[in-house]
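Here is how the chains run, residue by residue.
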Amino acid sequence: MNQNPTPQTSHDTGDYVTVNIGPSHPAMHGTLRVVALTDGESLIKVDPEIGYLHRGVEKLGESLTYHQFIPITDRLNYCSAIPNNVAYEMAVEKLMGVEVPEKAQLIRVIMMELARIADHQVCIGILGVDLGAFTPFFYLIIQREEIYEIFEWFNGARLTNTFGRIGGVDADLPDDFEQRWEELKPGVRKANDETEKLLTHNRIWMDRTIGISAFSAEDALNWGFTGPCLRACGVKRDLRIDEPYCMYDKFKFKVPVGKNGDVFDRYIVRMIEMEESLKIIDQAYKLYKEMPADAPLMARVPKVIKPPAGEVYSALESPNGELGFFVKSDGSAKPYRIRIRPPCYMIYQAFPELVEGELIADLVACLSSLNVIAGELDR
Amino acid sequence: MDLKKRVEQCLGPNNFVVAMIECQGDLSVEVPKRSVVDVMRLLRDTPDLGFNFLSDLLGVDNLDLNKPKKKPKKKTEEGEGAETEEELKEKGPLPPRYEIVYLLLCLERNERLQVKVRVEENDMEVDTLTPVWKAADWPEREVFDMFGIRFKGHPNLKRLLMWDDFPAYPLRKDYPLEGQGEERHLIYDD
Amino acid sequence: MDDWLIAIIKVVGIWVWVLLIAVVMTWVERRGAALIQDRPGPNRAGPWGLFQPLADGIKLFTKEEIIPTKAQKLLYIIGPLLFSVPAFSAYAVVPFGDKIVLGGKEIILQVSDVNIGFLYILAIGSMAVYGVILGGWGSNNKYSILGGLRSTAQMVSYEVPLGLALLGIVFVYGTFSLRDISLAQQGTFLGFLPNWGIFKQPLGFILFIVAAYAEANRVPFDLPEAESEIVSGYHTEYGSMRLGLYLFGEYVNLVTISGIIVALYFGSWHIPYIDLGAYLGPISWGIVSFCIFFLKVSFFLWMFVWVRWTLPRFRYDQVMGLGWRGLIPLALFNIFITALFIQLTV
């Protein structure tokens, strides 16, 4: 099959028909392209093509200072920008050997978990829209707007919040955070409840999602899966528990694990993770309230950051999986090499294996459930 | 036993260890290029190491690092990284320009290991890791796309992020940030 | 007044009325969706967005009529016509009230009371399938062809349970004519249950409603126009008034189907237990029966909107499986049971 950037209209190979889906298509999340060889409705061969949103972020990082790179990390997984920022900051802090004060860590945890809820809300909403259930999307998005209000209020930006600084956090939580939080919690729970009522036990939903693109645990580990997609396959792996960072070892929360690795399991894993995030934020906020009001928010870092020469890799559990940063420094004020390990990169390369043999309708369902975000994939 | 000692015990006997570096708690092992697949299999199958997950695969271009430093300020940096720079200056010929870094993870013990392979400019071919872990598929394509390092035996070694006929390799240090105007030569069918 | 003049007035009147309902339905759909989804909906064009359908109509009328270069011209143009004209024509045999007496003449509130009744509707409705397949094929676009194929298969498959469910009604009431069936739904049986079709044919009602949703291409059976999968299916390449014909044809289909459901299963213009016709004068009875009928029709129209925004959509093979392996055996079973009942109680 041709892989030219110019789309082709029709190209029959015998009885099979090549259908080009994307890059501009209502169902492709961002700019993804899938060239599918189909036999009527069933897929014979699937070829994903990426790179339509490649912005040369890694090259750009080599000509910016360490601080100037933080806004660029916002634009990676743009549905939840905060874990990207914190992952990068943690990598640089590890390279410099800087210890972040506790209060800053708690604020990071609170914000990251809010971003996790926001990301899962979008993912599940869009999964519903792609399968024809339009209403849960609205219930979830209305709550996401409330989370955006908290972000905007903290930092001034709703979507691309350049959160935190290398060494800590730039500002404290607002005074009325408690009141906002107490209003947000029941709202998110209610939206999740409504979504569950509409979808989880709905016969049509179950027919559309159970058994679609089921994946075994060995295959998932071989392909490098992490995050909700791996947990749906039955592997209990969560970086917040296995390699705790940012005081996560002080919080009690459950990690949902699925069985078959199909679309339904990924959906349920994300729904439960949203609930667990609410519990984590509660516990983190309780600890935060016990901190003295004048506890430091930033570690002592020089104004111009020049980490010692060396290379380090640091990862955290973003809503999609293991988001890692490999930062190599040569001792100057600009990084020598930054490599971003996107979670959906490893997951999307297994897409042909996940989807071959299914129908076109299942291709869309599977793609939505993987939560592939083009900004992160292409960088 | 300490991870460093275990790795030495496993890889040492076959002279697989060229160098070992530790930086802020991350252990990095350099292995010869010809034996990278065997090393990976050893690391995966040895019971007390058990690195069974390939987290990432990336390329680094050390062109600027290998150049003699002009500004005196950088030479006085303390830390483990500075040792490698001293070592580089002591060696006569320049070290290989490219390196490929493999990030491995042991799921049971939650230990990470970086395995490095140096690639010379005049022999830019490395065996592919896809028979060991399928996760190496797209990262190797990206290393080929960005640096030009070919992987022998890769099932589909085509460019990944840039378009198929792109003539240069963007992440190399001698490729300018603004590009060289390749997009002006794109031809579209009419 | 001559009969033919009355007939023309009825034809034009019902045509305009159905078109009006279709136009109002676009507004109901959008405001209903917004109500269910916890948001305001269109509220700029006039009070409560009531002029929104007018705005949509003006937009569709004034857009440029484009025919793609590689499209098959004849098929491309005929498609929308074949889809919307049968939708309007099918309403000819659906009653919209009892009778009214004007100027000494008794006029039945139905355009024409043919004795083949809903057979005519089934026949005309099958023509709509041509509209879809020709539109899809004539657009010369892979997505349109996919949508056209899916839709054809679905509509043809679901005509069988539709017909079989209606067969049960024929057994019970002994006639095809919609007016006779409506008249027969007066009174009660078993002492307290009204003579409505739903009580005499409960399984038939469920089968009919499901098959009707499939025929109307509405969620959960709307995969021919599944926006997220194949862009817009068979009307991807259509714009301006041709698209308008497809969209209005769809809504008019809904009105027709709701009219049939009310006429056959929900007592037409009757209210349970009270025989209003005996109390009211002829003119007022005509008007009241018209109002009752359309109140019931609007309930079913609302149900279409309600279900659309609640349920996800089926996959193609699941739709086929449901039709052939689920509904048809049930419909045959329904006929068997109905025949048995009639045999045993007569």
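Residues numbered from 1 in each chain as written. Chains lettered and ligands numbered in written order. Predicted model: local features only at pLDDT ≥ 70, side-chain atom pairs only at ≥ 80, totals over all residues. Heavy atoms only, no water.

Novice: It is not clear to me how the overall build of chain A should be interpreted in this structure. Could you clarify?
Specialist: In terms of helices and strands, chain A carries 15 helices and six strands. A compact globule built from 379 residues should have a C-alpha radius of gyration of about 21 Å, and chain A, at 21 Å, falls within 12% of that. Taken over the C-alpha atoms alone, chain A extends approximately 70 × 50 × 35 Å along its principal axes. Considering chain A as a whole, with its 379 residues, one finds that 66% of them fall into the buried category. For chain A, the proportion of contacts with a sequence separation of at least 24, taken over those separated by at least 6, is 72%. (Helix = DSSP H or I, 4+ residues; strand = E, 2+ residues; numbered from the N terminus. Rg over C-alpha atoms; globule rule 2.2 N^0.38 Å. Buried < 20%, exposed > 50% of the residue type's maximum accessible area, 1.4 Å probe, protein only. Contact = heavy atoms within 4.5 Å.)

Novice: Which parts of the structure should I look at to understand the overall build of chain C?
Specialist: Helix and strand counts for chain C come out as 13 helices and four strands. Its C-alpha radius of gyration of 21 Å places chain C within 12% of the 20 Å reference for a compact globule of 346 residues. Judged by the C-alpha coordinates and their principal axes, chain C covers about 60 × 50 × 45 Å. Counting every position in chain C, which comprises 346 residues, the buried fraction comes to 51%. Surface summary for chain C: the accessible area is close to 15,400 Å², and the carbon and sulfur share equals 72%. Taken as two groups, the 22 positive and 21 negative side-chain charges of chain C have centres that lie 6 Å from each other. (Areas by Shrake-Rupley, 256 points an atom, 1.4 Å probe, with all protein chains shown as cover. Lys, Arg positive; Asp, Glu negative; His and termini not counted. Charge placed at Lys NZ, Arg CZ, Asp CG, Glu CD.)

Novice: For this particular structure, what's the right way to read the packing of aromatic side chains?
Specialist: We describe a pair of aromatic rings using the distance from one ring centre to the other and the angle between the two ring planes. All names here are of chain A. Per the counting criterion, the structure on display carries 38 aromatic pairs over all chains. Measuring from centroid to centroid gives 5.0 Å for Phe69 and Tyr88, while their planes differ by 65°, and the two rings are edge-to-face. Here the residue Phe69 occupies a position in the loop between helix H1 (57-61) and helix H2 (70-74), and Tyr88 occupies one in helix H3 (residues 81-96), the gap between them amounting to 19 residues. With respect to class, Phe69 is no different from Tyr88; both count as buried. (Phe/Tyr/Trp six-rings, centres within 6.5 Å; stacked < 30°, edge-to-face > 60°.)

Novice: What should I look at first to understand the interface of chain A and chain B in this one?
Specialist: The figure often quoted for interface size is the accessible area lost as the parts come together. Contact with chain A, which involves 51 residues of that partner, is made by 55 residues of chain B. Note that A:Lys328 is salt-bridged to B:Glu99, the shortest N-O span being 3.6 Å. For the interface between chain A and chain B, the tally reads 30 residue pairs in polar contact (both at pLDDT 80 or more). Tallying contributions element by element places strand E4 (residues 310-318) of chain A first for the side of chain A that touches chain B, with five residues. (Salt bridge = Lys/Arg side-chain N within 4 Å of Asp/Glu carboxyl O. Polar contact = N/O pair within 3.5 Å; in protein donor to acceptor, adjacent residues only side chain to side chain.)

Novice: Would you explain the state of the cysteines in this entry?
Specialist: What we call a disulfide is simply a covalent bond connecting the sulfur atoms of a pair of cysteines. Applying the stated criterion to the full structure yields zero disulfides over all chains. The closest cysteine sulfur to the non-disulfide-bonded A:Cys366 is located on A:Cys229, 8.4 Å from its own sulfur. Looking at A:Cys366, the relative accessible area reads 0%, which means it is buried. Not engaged in a disulfide, the cysteine B:Cys10 finds its nearest cysteine sulfur in B:Cys106; these two sulfurs lie 12 Å apart. Owing to a relative accessible area of 13%, B:Cys10 belongs among the buried residues under this scheme. (Disulfide = S-S within 2.5 Å.)

Novice: What should I look at first to understand empty space enclosed by the protein in this one?
Specialist: By rolling a water-sized probe across the atoms, one finds the places where empty space is left. Residues and elements named next belong to chain C. For the structure shown, the criterion picks out seven cavities of 30 Å³ or more. The space that makes up the largest cavity amounts to roughly 290 Å³. Forming the boundary of the largest cavity are 23 residues, of which Ile121, Gly125, Leu162, Asn253 and Ile257 lie nearest the centre. The set of elements that each furnish at least two residues to the lining of the largest cavity consists of helix H3 (73-89), helix H4 (117-138), helix H5 (142-173), helix H8 (202-215) and helix H10 (240-265). Broken down by element, the residue count for the lining of the largest cavity peaks at seven residues, all from H4. (1 Å grid on protein atoms, 1.4 Å probe; cavity = no way out; pocket = protein on both sides within 12 Å on 5 of 7 lines; lining within 4 Å. Points joined across faces, edges and corners; volume = space filled by probe spheres on them.)

Novice: Looking at this model, I keep getting lost on helix H5 (residues 135-155) of chain A. Mind explaining?
Specialist: Side chains that are three or four residues apart share a direction in an α-helix, a result of its 3.6 residues per turn. An ideal rise of 1.5 Å per residue puts 30 Å on 21 residues; H5(A) measures up with 31 Å between its terminal C-alpha atoms. Of the residues making up H5(A), those classed as buried are A:Thr135, A:Pro136, A:Tyr139, A:Leu140, A:Gln143, A:Arg144, A:Ile147, A:Tyr148, A:Ile150, A:Phe151 and A:Phe154. Where H5(A) is buried, its residues meet H3, helix H4 (102-130) and helix H6 (177-199) of chain A together with helix H1 (3-36) of chain C. Phi turns positive, to about 95°, at A:Gly156, one or two residues after H5(A). (Expected span 1.5 Å × (residues − 1).)

Novice: In this structure, what is going on with the layout of surface pockets? I would like to understand it.
Specialist: All names here are of chain C. Here the largest pocket defines a volume of roughly 980 Å³. Listed by contribution, the elements that provide at least two residues to the lining of the largest pocket are H1, helix H2 (52-62) and H10. By residue class, the composition of the lining of the largest pocket is 13 nonpolar, seven polar and 12 charged. (Nonpolar A, V, L, I, M, F, W, Y, C, P; charged D, E, K, R; others polar.)

Novice: Is there a simple way to explain the arrangement of the chains in this structure?
Specialist: Contacts are most numerous, across the two pairs of chains in contact, for chains A and B. At the C-alpha level, the nearest point of chain B lies 15 Å from chain C, with no contact between them.

Novice: How should the sheet that holds strand E3 (residues 42-49) of chain A be read in this particular structure?
Specialist: In a beta sheet, neighbouring strands pair by backbone hydrogen bonds and run either parallel or antiparallel. All names here are of chain A. Across the sheet, three strands lie side by side as E1-E2-E3; this open sheet has antiparallel pairing. Edge positions in the sheet fall to strand E1 (17-21) and E3, since each has one partner strand and no second. Mean inter-strand twist for the sheet, computed between neighbouring axes without regard to direction, equals 20°. As paired strands, strand E2 (residues 33-39) and E3 are joined by seven bridges and run antiparallel to one another. (Pairing = 2+ DSSP bridges. Axes fitted to C-alpha atoms, helices over the stretch in contact; angles between N-to-C directions.)

Novice: What should I look at first to understand the sheet that holds E4(A) in this one?
Specialist: Residues and elements named next belong to chain A. Read from one edge to the other, the open sheet built from three strands follows the order E4-E5-E6, with strand pairing classed as antiparallel. One side of each edge strand has no neighbouring strand; the edge strands of this open sheet are E4 and strand E6 (337-341). Across the sheet, the axes of successive neighbouring strands diverge by a mean angle of 10°, strand direction being ignored. Direction of pairing for E4 relative to strand E5 (residues 321-329): antiparallel, over a ladder of nine bridges. Bridge pairing in E5 places Gly310 opposite Ser329.

Novice: Can you walk me through the interface of chain C and chain A in this structure?
Specialist: Across the contact, 23 residues belong to chain C and 36 residues belong to chain A. At the surface where chain C touches chain A, the tally comes to one salt bridge. A salt bridge links C:Arg315 to A:Asp362, with the shortest nitrogen-to-oxygen separation between them at 3.0 Å. On the surface where chain C and chain A come into contact, there are six residue pairs in polar contact (both at pLDDT 80 or more). Ranked by residues supplied to the side of chain C that touches chain A, first place goes to H5(C) with four residues. The class makeup of the residues in the side of chain C that touches chain A is 10 nonpolar, four polar and nine charged.

Novice: Would you mind going over the pairing of strand E1 (residues 99-102) of chain C with me for this structure?
Specialist: Pairing analysis gives four bridges linking E1(C) to strand E2 (residues 105-108) of chain C, with the strands arranged antiparallel. Paired with C:Lys99 across the strands is C:Ile108, a residue of E2(C).

Novice: Whenever I open this one, a negative patch on the surface confuses me. Can you help?
Specialist: Residues and elements named next belong to chain A. On the surface, a cluster of negative charge is contributed by Glu146, Glu149, Glu152 and Glu183. Here the negative patch gets three residues from one element, more than from any other, and that element is H5. Note that Glu183 resides in helix H6. (Patch = residues over 30% accessible without salt bridge, like charges linked within 9 Å, V, L, I, M, F, W, Y side chains within 5 Å.)

Novice: For this particular structure, what's the right way to read the packing of H5(A) against H6(A)?
Specialist: When two helices pack together, their arrangement is given by the angle between the helix axes and the distance between those axes. Residue and element names in this part refer to chain A. The contact between H5 and H6 brings their axes to 9 Å, and the two run at 165°. By the criterion of interaxial angle, the relationship of H5 to H6 is roughly antiparallel. The interaxial crossing formed by H5 with H6 has left-handed handedness. Across the interface between the two elements, Thr135, Pro136, Tyr139, Leu140, Gln143, Glu146, Ile147, Glu149, Ile150 and Trp153 from H5 touch Phe177, Arg180, Leu184, Gly187, Val188, Ala191, Asn192, Glu194, Thr195, Leu198 and Leu199 from H6. Residue composition of the contact of H5 with H6, by class: 12 nonpolar, five polar and four charged. (Parallel < 35°, antiparallel > 145°, perpendicular 65-115°, else oblique. Left-handed = near helix turned anticlockwise from the far one by under 90°.)

Novice: Help me out: how do you make sense of helix H5 (residues 137-147) of chain B in this one?
Specialist: Here H5(B) lies mainly inside the structure; 11 of its 11 residues are buried. Residue B:Gly148 follows H5(B) closely and has a positive phi angle near 95°.

Novice: It is not clear to me how the confidence of the model for chain A should be interpreted in this structure. Could you clarify?
Specialist: In regions of low pLDDT, the predicted coordinates are not meant to be interpreted in detail. On average, residues of chain A score 87 in pLDDT, and 95% of them reach the 70 mark or higher. Note that pLDDT drops below 50 for residues 1-12 of chain A; the model gives that stretch 27 contacts with residues more than four away or on any other chain. (pLDDT = per-residue confidence, 0-100.)

Novice: Would you take a moment to explain the side chain of C:Gln52 for this structure?
Specialist: Residue and element names in this part refer to chain C. When you line up the elements, Gln52 lands in helix H2. For Gln52, a relative accessible area of 16% translates into the label buried. Filtering out sequence-adjacent residues up to four positions away, Gln52 remains in contact with Trp27, Arg30, Pro42 and Ala45.

Novice: Looking at this structure, I do not really get a nonpolar patch on the surface. What am I missing?
Specialist: A cluster of nonpolar residues, C:Trp4, C:Leu5, C:Ile8, C:Ile9, C:Val11, C:Val12, C:Trp15, C:Val16, C:Trp17 and C:Leu20, forms a patch on the protein surface that exposes about 940 Å² of accessible area. Its location among the elements puts C:Val11 in helix H1.

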